[in-house]
Structure formats: C-alpha cells, structure tokens
Amino acid sequence: MSEFGHLLAGFSAALTLKHLTMCFLGVLMGQMVGVLPGIGPAAAIALLLPLTFGADPTSAIILFAGIYYGSQYGGTLTSVLVSVPGESSTVMTTVDGYQMALQGRAGAALGIAAIGSFIAGTLGTLGLTLLAPPLAQAALAFGPPEYFALVVLGLTALAAVGSSVLKGLVAGVAGLLIGTIGIDPQNGVARFTFDQTWLLDGVEFIVLTVALFGVGEVVASCALGAARPVADVKNVLPTREDWRVSRMPILRGSGVGFVIGVLPATGATIASFLAYILEKKVAKDPSRFGKGAIEGVAAPESANNAAAAGAMVPMLSLGVPGSGTTAIILGALIMFGIRPGPELFTKNADLVWAVIASMYIGNVLLLVMNLPLAGLFARLLKIPYRWLYPPILALCIAGVYSQSNSLQDCWLLAAFGMLGWLMKRYDWSMAPMILGLVLGPLFESALRQSLTLSHANPAVFVTRPISAVLLALALLAVTAPLWTRVYRAKAV
Amino acid sequence: MRFAFRGELVLALFFTLIGALWILRALRMPLWDGFAPDSGFLPLVYGVLLAALAAVVLLQLALAKDSSNAETIRKPLIVMGALIAAVAALPIAGFVISVFALLVFLYAGVERLRLLPSAIAAAAITGSLYLVFKAWLGVPLP
C-alpha cells in the first residue's frame, strides 16, 4: 500500500468516535497545560500514563500527541497576555506579542498565532507523512551495531537540548544506570536490588516519569506567586493588512521549524528563535521588531508548531526523540509493548498512520477552538497556582500506586520526586534520564549482540557506515556547544 | 555561600557517589563472557561515566563564583515533607484519609487558604480520585 493509501486508512481509524474523542481531549488538555503555570506537556503526559495503562495504545498515543502539539498553541496565550512564556518554545512570541497586547491588539496577535500554527502544523504533518516512511524504510537495514549507535545518538542529542550538555549527559547515564536495577534479561542475574525483592522488576518507567515530571516540577513551581493581570482579548480575526504582512513569515517559519524539528538535538525552542531572527533579517524595517510587529508573532509561532510535527519524524521512524515530551511518548510506546524505531512503520502501521492522521484533525480542532475561544482559555490564566498543585500531587500518588498496587513505588515516587525537584531547580535536564531508563535494555542487548557477531571487536561500530555516521552525529551533538564557543570567541 | 549554590553541589555529589556505588557493586559481578559483556560490564561502564561526569560538574561548581539567587526553599521543602508524610501514612490510614489530610494541609496550612473551602476542595479531589481509580479502574487502593 502506498503512503497515500496508508494515510487514508489512518484517517478512517482516526475518525472513529473513540479516537476522535481522544484527539479532542488531547488537544484540549494540551491547550490547557500550555496555558496553566507550572505544568507542561511532559508533566501532563506523565500524569496520564497510569490512566492509560492497559488501554488501547492507538488511542493513548493519539491523546499524548494531541497534548504535545496542542501545548504549543496554549503557550502562546501566556506569552501574549501576561508576557510569561507558557513553554520555552514561545519565548520569542513574548517579545512582540506582549507589545501588541499593550497596544490593545492581543486578539490580533492570538488570531495570527492560531492561523500560523494551523498552517505550520498542517504543513509539518504533511512533511512527516512524506519523510518518515522512507526514512524508516532505509533504517530497516539496521543491525545491532546501528541500534547501539542510534541509542547513543538519541541520548547525546537529548542531552544537548538542555542548558548544559554535561549535566544532560549525567542525567542520561543516570537513567541508563537506573535501568540496570532488577533482573538482567540476558542471564537472569539480579543486579543492584540491594536484597529487596520488590526491586527485582526494576524501576518502572511510569514511576520515574511521574516522579520527575509530576512531583519534581510541581514542588519546584509551588513557590509561584499569585495570578498576574491578564490583557483583554478582542477581535481575534486578523485584518487584511495583518494577513498580508504575516503570510510569508508563516511559510518561512513553517519551513525553518520543520527542518529544525527533524534534526536531533534541536527542537521547537531553537526553531522559534531562528524563525524570529530570519524575519528580522529579511524585514524592510527591522526596527519594528520588539515593538509589536505581527511578523514577530507569526514566524516563531509557525516555527514551533512545524517543529513539533518535525520532531515526530525521528521519533516515529528511528526511535530517536528530539525533545523531553517525545522521549516520554517513546517510553509510552515501549510501555504498551511496541518497539519504537524503523520497524514501527511495518509492524504497527495502523497505529502510526492513525496518529499521523489525528495530527491533521487535531490541528483543525485547535484552529476551531482558538479563534472563538481564545478569550475563554485566557481566563485559565487567572487561576492561582496554589489551587492547582495539591491535586496534581494527589494524582501522582494515586497514579503511581495504581501501576502495580505497590507502596514501595510510592516511596520511589517521593525519592525520585526529590531528585526531580533539585534537577528542575538547578536546570538539569530530566528527559535524558527517562530516555536512558527506556532505552537501556535495547542499548545493552544491541551491545552484546554486536560484540558477539564481531567476536568482541569494537571496530564493528565504526566500520559499518550507518553506525559510524550515527556515532559521528552523536559526537557532533556533544561537541557542538564547544565549537560554538570557539567560533564566538574568534568572532569577538 | 547560600543554599541555592550548595544544593547544586549536593546534587552533583549525589550523582558522583551513586556512580561510585555502581562501580563497587559491578566489580563483584562477572564482567565478560566469551565474546560479549556479562552482567557487570555495562553497570561498571555506567558507574565510571556517571562518577566522572558528575565529578567534572562538581569541580566546575566548586571553582565557580556563587551567582545563585536567594530564592526561598522553605515552601518546596514543606510540600516535599508533606508528600513523604502522606506516603508514610498510606499503609496505616489508607488512601482516602492520607490524601485528604495532605490536601487540607497544603491548602490550609501551606497556602493559608480558609479551612472550609480547603476542606471542600480536598474532599472533592479525594472523592474524584477515589471514584476514578477505585470505582472506574478497579485499583485496590490502600
């Protein structure tokens, strides 16, 4: 069946009442967590993991994907209305968006952001439809050395996304290390259980994810102050002039966002920065930027949505997540017994194409929700965080306990929650730790199989071209900040 | 030196020590079997990597100037303590009482909200969680 045929089949699955409901709930929740302070899409997905355990994987992944790209829309509201980016990828929107709000044009800023996000999200999903299947097809030739190199690339790329590559690497290795707790699947030996039988099954992905992204984020954010004054939202439909000025920035932002999103170690935040800089460079009057230029809202908003779709390309076709949220979605796939990576498009084609089709539908739903309901969502900004975090903590306890009816898991929740709080507080990236735990078993089996095949010759990882390229990319991801520093020093 | 700065040192030291613990434990396991690594090999590698990388962070922090802000940690510590107390109370008091008490404490004690709205919110949240997890998902909550 061609890609078009697969996509049609995906639409017929995504348009069933069950999946349509999940898609709607996903984008609605994404929109809400994008607006609400102290909780992001990663935390929202983490909190929902226990509720979806044992459910239909396609419905659950449609829900999670909806939260992921829906949050990009929601983050815009806080950027424009209170000058606080809801997500790191909406930082650039704050610059001109808030100025527009001060000039009484908050509605126009939100309207153009919604339309730009819709166009970019749809174009990005189209790119995903066209690019992911051939990439996965090419990757079907992967053997154990390539899988080994792929995990190395995934971990280093995700480590490079955070504020410090070194701290990201520490988190990634710590995740791999936590993954060694329990029974060694190769020979049945108990490792690092410290004579505790309940540790024989190891540390569950849900427990670590809920602890780091649920408890850690909540405790780190509980000192947030009262809700800020919110600008009024009127006239969300852009004028003809707004549209004329914004259409090219939307298209350029979509292109930049998708390409950046596809690349490992980049993501929506960098995409929005680059799109903003590009618009400022090509503008006839760059001095307007920072003073309420609508292009300064249209371009980064389009870029971050296209990047969210672009980041699904390596996640679905190679099993390499480009962001913390996609790392959790990847973990969810494994939780459902689905092996992420090149085989996903052949062995779980129904799921993948239903998710891709749901992304087209989700973008339409988000546009419909955002244009008339922007003012309604803006009211969520008035909810003080002090009312929100206690139920999140209670949900963390119930969710983690329900995973395997284990009180010990609740103690792990508290311990890893403490660790997550400290990591969040000191800006240590937590996503690599999750990815390390999730990919640890694949990494270990790929290493063992590779060395067995090569009779313990480690050169197997660099003599096979794909593996060598992937490892070179991993090295590039780790050393990129160093090169950037050297380049900047020379430029000065 | 403020806590904010020392706290990150503690975090880096924690990872260094965990790395060292993994090295010591892994060395007691078989490392190599034929052509492939055995149970202790990768944990040893991870331990060495974690200890080394975290030690570099530790060194960087020790040599850096204290540029941290004096953000309060009292409230996060109280919230964390309340969570630990609720987890400890689960096997004794059960899910409903432990979670209800946690919520009332956070709303009324930590956030200084009035007792009645706090109790109503806590009851509504606890009840909703009980219904979802016990009645709907069939989880045998403690």
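Structure: see above.
Residues numbered from 1 in each chain as written. Chains lettered and ligands numbered in written order. Predicted model: local features only at pLDDT ≥ 70, side-chain atom pairs only at ≥ 80, totals over all residues. Heavy atoms only, no water.

**Section: the nonpolar core**
If you look at the biggest cluster of nonpolar residues, it comprises 209 residues, and the most contacted ones within it are A:Phe64, A:Phe213, A:Met433 and B:Phe15. Among the elements that line this core, the one with the most residues is helix H16 (residues 349–378) of chain A, at 18 residues. If we skip the residues at most four places from it in the chain, A:Phe213 touches A:Ala42, A:Ala43, A:Ala46, A:Ile328, A:Met430, A:Ala431 and A:Ile434. Counting eight residues, the second largest nonpolar core, distinct from the first, contains A:Ala268, A:Ala299, A:Ala303 and A:Ala307. (Core = buried A, V, L, I, M, F, W, Y, C linked by side-chain atoms within 4.5 Å. Buried < 20%, exposed > 50% of the residue type's maximum accessible area, 1.4 Å probe, protein only. Helix = DSSP H or I, 4+ residues; strand = E, 2+ residues; numbered from the N terminus. Contact = heavy atoms within 4.5 Å.)

**Digging into the interface of chain B and chain A**
Accessible area lost when the parts come together is the quantity often used to give the size of an interface. Tallying the contact residues gives 67 residues for chain B and 57 residues for chain A. Counting each side, the surface lost to burial between chain B and chain A is near 5,700 Å², with a carbon and sulfur contribution of 82%. When the buried surface of chain B facing chain A is broken down by residue, B:Trp22, B:Phe35 and B:Tyr46 rank first, second and third, together holding 12% of it. Connecting chain B to chain A are one salt bridge. Notably, a salt bridge pairs A:Lys167 with B:Glu8, separated by 2.7 Å at the nearest N-O pair. Classifying every residue of the side of chain B that touches chain A by side-chain character gives 56 nonpolar, five polar and six charged. (Buried area = accessible area lost by both parts, 1.4 Å probe. Salt bridge = Lys/Arg side-chain N within 4 Å of Asp/Glu carboxyl O. Nonpolar A, V, L, I, M, F, W, Y, C, P; charged D, E, K, R; others polar.)

**Quick look at the pattern of salt bridges**
A side chain with one charge may pair with a side chain of the opposite charge, provided their charged atoms come close. Going through the model one piece at a time under the given rule, you end up with 14 salt bridges over all chains. Among the ionic contacts, a cluster of salt bridges with common partners joins A:Asp184, A:Arg191, A:Glu444 and A:Arg448.

**Focus on the side chain of A:Lys167**
Relative to the elements of secondary structure, A:Lys167 occurs in helix H8 (residues 165–178). Polar side-chain contacts of A:Lys167 include one of 2.7 Å to the side chain of B:Glu8. Apart from residues no more than four positions distant in its own chain, A:Lys167 is found in contact with A:Tyr426, A:Trp428, B:Glu8 and B:Val57. (Polar contact = N/O pair within 3.5 Å; in protein donor to acceptor, adjacent residues only side chain to side chain.)

**Describing the environment of A:Leu17**
Residues and elements named next belong to chain A. With respect to the helices and strands, the residue Leu17 is situated in helix H2 (residues 17–35). Here Leu17 falls in the exposed class, since its relative accessible area comes to 68%. Sequence separation between Leu17 and Asp201 is 184 residues; the distance between their C-alpha atoms is 37 Å.

**A word on the state of the cysteines**
Residue and element names in this part refer to chain A. All chains considered together, the criterion is met by zero disulfides over all chains. Unpaired in this structure, Cys396 has its nearest cysteine sulfur neighbour in Cys410, at a distance of 11 Å. Given the relative accessible area of 0%, Cys396 is considered buried. (Disulfide = S-S within 2.5 Å.)

**With respect to the environment of B:Gln60**
For B:Gln60, the position within the fold is in helix H2 (residues 41–63). Here the alpha-carbon distance between B:Gln60 and B:Leu9, two residues 51 residues apart in the chain, equals 9.6 Å.

**What about the packing of helix H1 (residues 3–14) of chain A against H16(A)?**
All names here are of chain A. Two elements in contact, H1 and H16, have axes separated by 7 Å at closest approach and are oriented at 75 degrees. Our classification of the angle between H1 and H16 gives roughly perpendicular. Every residue of H16 that contacts H1 at Glu3, His6, Leu7, Gly10, Phe11, Ala13 and Ala14 is listed here: Ala349, Trp353, Ala354, Ile356, Ala357, Ser358, Tyr360 and Ile361. A per-class count over the contact of H1 with H16 returns eleven nonpolar, three polar and one charged. (Axes fitted to C-alpha atoms, helices over the stretch in contact; angles between N-to-C directions. Parallel < 35°, antiparallel > 145°, perpendicular 65-115°, else oblique.)

**A short note on unusual backbone geometry**
Phi at A:Phe192 takes a positive value of approximately 50 degrees, unusual for a residue other than glycine. Topologically, A:Phe192 is positioned in the loop between strand E2 (190–191) and helix H9 (205–221). Given the relative accessible area of 3%, A:Phe192 is considered buried. Residues other than glycine seldom take positive phi values, yet B:Arg112 does so here, at roughly 55 degrees. Relative to the helices and strands, B:Arg112 resides in the loop between helix H3 (74–110) and helix H4 (115–136). Of the residues examined, B:Arg112 reaches a relative accessible area of 69% and is grouped as exposed.

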